[in-house]
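Chains, contacts and geometry: an overview
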Amino acid sequence: MESEKILYTEGIVKKFGGLVAVDSIDLYLKKNEIIGLIGANGAGKTTLFNMISGVLPPTSGKIFYKDKQIQGLKPFKVCKLGIGRTYQITQPFRALTVLENAMVGALLRHSNVSDARKKAEEILEFVGLDHKKDVQGDDLNLPELKRMELAKALATEPDVLLLDEVMAGLNPTECGKVVELIKKIRESGISLIVIEHVMKAVMSLSERIYVLNQGKLIAEGTPEEITYNPEVIKSYLGEKKYA
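Analysis parameters
- Residues numbered from 1 in each chain as written.
- Predicted model: local features only at pLDDT ≥ 70, side-chain atom pairs only at ≥ 80, totals over all residues.
- Heavy atoms only, no water.
- Helix = DSSP H or I, 4+ residues; strand = E, 2+ residues; numbered from the N terminus.
- Rg over C-alpha atoms; globule rule 2.2 N^0.38 Å.
- Buried < 20%, exposed > 50% of the residue type's maximum accessible area, 1.4 Å probe, protein only.
- Contact = heavy atoms within 4.5 Å.
- Areas by Shrake-Rupley, 256 points an atom, 1.4 Å probe, with all protein chains shown as cover.
- Lys, Arg positive; Asp, Glu negative; His and termini not counted.
- Charge placed at Lys NZ, Arg CZ, Asp CG, Glu CD.
- Polar contact = N/O pair within 3.5 Å; in protein donor to acceptor, adjacent residues only side chain to side chain.

A few words now on the overall build of the protein chain. On a plain count of helices and strands, the protein chain comes out with nine helices and ten strands. In terms of C-alpha radius of gyration, the protein chain reaches 18 Å, essentially the compact-globule figure of 18 Å for 243 residues. Considering only C-alpha atoms, the protein chain reaches an extent of 50 × 40 × 40 Å along its principal axes. Residues classed as buried in the protein chain amount to 49% of the 243 residues present. Contacts spanning at least 24 positions in sequence make up 65% of the contacts within the protein chain whose residues lie at least 6 apart. Total accessible area computed for the protein chain in this model is approximately 11500 Å², and 51% of it derives from carbon and sulfur atoms. Put simply, the protein chain has 33 plus and 32 minus side-chain charges, and the middle of one group is 4 Å from the middle of the other.

Written as structure tokens, this is what we have:
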């Protein structure tokens, strides 16, 4: 069923000493859905991604992917299961070409180098970077680096993609292009969780939005419900509405 949950957390907690960075969060993602994750810097959004993707083990709570518990698994195992991600700060292999960067992701499922190259070329065409495939990662501008970061994650052939501020630093025109690309990714059958501070983008993309504040979940609902939620307005959005 299309409405079936593909990923969900139960009471997930992350403590760093006396600091509770993520405080008992319940979140779910359905198949073929885009959900948004918003909140001020330090709200716990990236920490939550780090636990889902295996970068950090949770202090307590459970993470389910396709109804199997995955909390505490190493990142490469989580990725192999089908959860890909991008990072806030782009992390290209700067000495490699754009094609070779994408091939690094493709090698997860294609041990044959020629097969990995073919998959990487398909992904670069999909994200609009095929004309840059022979350029070194060092020589890309910021919008191109963002697309290459997406290509690396997509080349692992995920069923779920975690996007961490892929529009940060982009101008409105570039953000619009990324929004269209994210919609195309969902149309290809991938479910997405999107962390984003560009409110116009996250409101237009998301079917549901979760709002974190100081590690706690303070609201969850449709973009319209979130826009007019008094607690969200007070803690994050301010008085401006994003309908």
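After that view, the rundown keeps rolling.
The next subject is the environment of Q69. Within the element layout of this structure, Q69 appears in strand β5 (residues 68-69). Owing to a relative accessible area of 42%, Q69 belongs among the partly exposed residues under this scheme. Remark: the alpha-carbon pair of Q69 and Y8, spanning 61 residues in sequence, is separated by 9.6 Å. Setting aside anything within four residues of it in sequence, one finds Q69 in contact with K62, I63 and F64. Within the structure, Q69 has its side chain in polar contact with the side chain of Q71 (distance 2.5 Å).

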